[in-house]
Amino acid sequence: MSTTRVMIACAVALLATAHAAVGGVDNASGRGSSPAATTEPAGQHDMLWSAEIPVEDIFSVELEAVGFGPGDSERGVGEDPTGVLVVVRSRTAGPHVELREGLTGELLWRRLPGGAAGESAFASPVSESECVVAAGSTLLFVNREGAVIGSARLPGLLRSAAGSGSLACVCAGSPETGFADSLVLFERGPGSGANSAQAVRVWSRALVDRNTRFDDGFSRPVFADTNGDGRDELLVVERMNEIVCRADTGNERWRVILGEKSRFKPIGVASADPVVADVTGDGIPDVAVGCFAGAVVVLDGELGDEIARLQFGTEAHEAHLRGRRLSSFIRDALASTGEPIGDMLAVELNGIGGAELVFGCSDGFVYAVSPRSGETLWRFRPGNDVYGRPVAEPGDARRLVVWDEECLYVLDAVTGAELATLPRSSIAAAAVLGWSDADVTVAMADGLAGRLEAWRVRAPRDVGDTRGASHATVPE
């Protein structure tokens, strides 16, 4: 199959999703964790616990480290997360959400939030004591014990969601067509009644271009302070190639079209959630987004003006161009477009001021890039593509954690040198639960086997002269 066809097929697969009828809401108990298996090839790393995911025919698993759990009210500011939030989609059962204690694997609570087989599900912390859960046409605010303290019905089926404080933003799709056609902002009011959540903003508008054959309306909301005033704005990817910034009043502040989104040249099709940070070093937030054809676009957070556009992944096409007779259209498409960009991390690596961007690209590398100069600081080649957002050590970010579908890596954040690896048979998702000078504690999900694991990975923070043997390179 040609590279162009692969790009098109990937675009369709990335953006296609199915929808079905909506189920009910329930709460269930289940088995806890099992002791660390003695037959695991731990090597220099230690398995802390493993647990089965009680779901058949798993379609996807998402993990997020959270800073709350029963009995942790005395946890100090800046301490490591205490739990791992697990969201599971199944091809044959409704969505499943659970919270486990990070260091023991003890099941703290489990919920079946509604929704039919294969439908989207979302769960994320919105404060130190609450998380928001959504599935099918149901939205729940859940406290640290797993009790529902606010709920609401969505005007359609969940497509994607985000939470911040007492707010949750949901992109909902029509049950008949599946197209995302409404953007709803919910707020949990005072009190703890199950019906205390209510819609405070509803934008009933097409979030898609239905005339574009491979556009199914994939939209992603992100809460972030884009202008430095201390209040979160709402960023939403609409029509695949537009980023819209809305104030907390709902008013549109700016809208930017990232570029073309034709089937053969999807230049502006977003492939990663926007990330907000000061990457230019001027003290003002910027917005960076990765695109399907390899572009990383940096926008001014206040005005939406384009500041920089960097291109990655074109090297992967050179072999297909060399010595081949191709039409000028195909040759131009391959030479001018790159490979999809994964979710980005914005983190300060060199201490000069302003954040760098770290992300995986489907050309086979993980990049650390300075948007200020356009310089690639280093690139690291894992065994497979990295799509999940890298995780940085708090503070001065001396280490990074990235993972592909078969291995977890701990990297030196400044040089890209490989500090430790943890090969596994399958990694569907991972989350970092804690850091120490000697190791990193991680949780991983094997979706094929239906299993969760937590490991203490030996990766010393101060490696001195041991840096060297690495997959990392600094391109000339």
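As the structure is a computational prediction, the values presented were derived from the model and not from experiment.

Colleague: It is not clear to me how the packing of aromatic side chains should be interpreted in this structure. Could you clarify?
Modeller: Remark: the centre distance and the inter-plane angle together describe each pair of aromatic rings, the angle taken between the planes. Scanning the entire structure with this criterion turns up five aromatic pairs. With 5.2 Å between their ring centres and 75° between their planes, Phe312 and Phe359 make a pair best called edge-to-face. Pair noted here: Phe312 is in the loop between β22 (306-311) and α2 (318-321) and Phe359 is in strand β24 (residues 356-361), with a separation of 47 residues, a long-range link. Each member of the pair, Phe312 as well as Phe359, carries the same accessibility label: buried. Taken together, the aromatic side chains of Phe312, Phe359, Phe365 and Tyr367 make up a single cluster linked through ring pairs. Geometry around Phe365 places Arg379 over its ring, the cationic atom sitting 4.0 Å from the centre.

Colleague: What exactly am I supposed to notice about empty space enclosed by the protein here?
Modeller: Any empty space left between the atoms is revealed when a probe the size of a water molecule rolls over them. Evaluated as defined, the whole model comprises one cavity of 30 Å³ or more. For the lining of the largest cavity, the leading source of residues is strand β32 (residues 439-446), giving three residues. Residue classes in the lining of the largest cavity are distributed as two nonpolar, two polar and four charged.

Colleague: For this particular structure, what's the right way to read the pairing of strand β4 (residues 83-90)?
Modeller: Each regular strand shows side chains that alternate between the opposite faces of the sheet. Of all eight residues in β4, eight are buried; the element is thus mostly enclosed. Burial along β4 is two-sided: Gly83, Leu85, Val87 and Arg89 and Val84, Val86, Val88 and Ser90, pointing in opposite directions, are all buried. As judged from the eight bridges shared by strand β3 (residues 58-66) and β4, these two strands associate in the antiparallel manner. For Glu64, the partnering residue across the bridge sits in β4 and is Leu85. Sheet analysis places β4 next to strand β5 (residues 96-101), joined by six bridges and oriented antiparallel. When the sheet's bridge partners are listed, Val88 is paired in β5 with His96. In this structure, the hairpin formed by β4 and β5 is closed by a connection of five residues.

Colleague: Could you clarify how one ought to interpret the sheet that holds β22 in this entry?
Modeller: Read from one edge to the other, the open sheet built from four strands follows the order β19-β20-β21-β22, with strand pairing classed as antiparallel. Two strands in the sheet have a free side with no partner beyond their single neighbour: β19 (275-277) and β22. Adjacent strand axes in the sheet meet at a mean angle of 20° when their direction is disregarded.

Colleague: Can you help me understand the confidence of the model for the protein chain in this one?
Modeller: One rule of thumb: low pLDDT means the predicted coordinates there are not for detailed reading. Looking at the protein chain, the pLDDT average stands at 80 and 75% of residues meet or exceed 70. For residues 1-42, every residue scores under 50 in pLDDT, and the model assigns this stretch 98 contacts once sequence neighbours within four places are set aside. Below pLDDT 50 for its whole length, residues 464-469 participates in five contacts with residues either more than four positions away or in separate chains.

Colleague: What exactly am I supposed to notice about the sheet that holds β32 here?
Modeller: By definition, the strands of a sheet pair up through backbone hydrogen bonds, in either a parallel or an antiparallel sense. Strand order in the open sheet formed by four strands is β2-β33-β32-β31, with antiparallel pairing between adjacent strands. Every interior strand has two partners, whereas the edge strands, β2 (46-52) and β31 (429-435), have only one. Here the average twist between neighbouring strands, direction ignored, is 15°. In the sheet, β31 pairs with β32 via six bridges, with the strands oriented antiparallel. Residue pairing in the sheet places Ala430 in a bridge with Met444 of β32.

Colleague: Sorry, what's going on with the side chain of Asp363 here?
Modeller: Structurally, the position occupied by Asp363 is in the loop between β24 and β25 (365-370). Buried charged residue Asp363 carries no salt bridge. Nearest counter-charge: Arg379, at 5.2 Å. For Asp363, the side chain forms a polar contact with the main-chain nitrogen of Phe365, separated by 3.1 Å.

Rules behind the numbers
- Residues numbered from 1 in each chain as written.
- Predicted model: local features only at pLDDT ≥ 70, side-chain atom pairs only at ≥ 80, totals over all residues.
- Heavy atoms only, no water.
- Phe/Tyr/Trp six-rings, centres within 6.5 Å; stacked < 30°, edge-to-face > 60°.
- Helix = DSSP H or I, 4+ residues; strand = E, 2+ residues; numbered from the N terminus.
- Buried < 20%, exposed > 50% of the residue type's maximum accessible area, 1.4 Å probe, protein only.
- Lys NZ or Arg CZ within 6 Å of the ring centre and 35° of its normal.
- 1 Å grid on protein atoms, 1.4 Å probe; cavity = no way out; pocket = protein on both sides within 12 Å on 5 of 7 lines; lining within 4 Å.
- Points joined across faces, edges and corners; volume = space filled by probe spheres on them.
- Nonpolar A, V, L, I, M, F, W, Y, C, P; charged D, E, K, R; others polar.
- Pairing = 2+ DSSP bridges.
- Axes fitted to C-alpha atoms, helices over the stretch in contact; angles between N-to-C directions.
- pLDDT = per-residue confidence, 0-100.
- Contact = heavy atoms within 4.5 Å.
- Lys, Arg positive; Asp, Glu negative; His and termini not counted.
- Salt bridge = Lys/Arg side-chain N within 4 Å of Asp/Glu carboxyl O.
- Polar contact = N/O pair within 3.5 Å; in protein donor to acceptor, adjacent residues only side chain to side chain.

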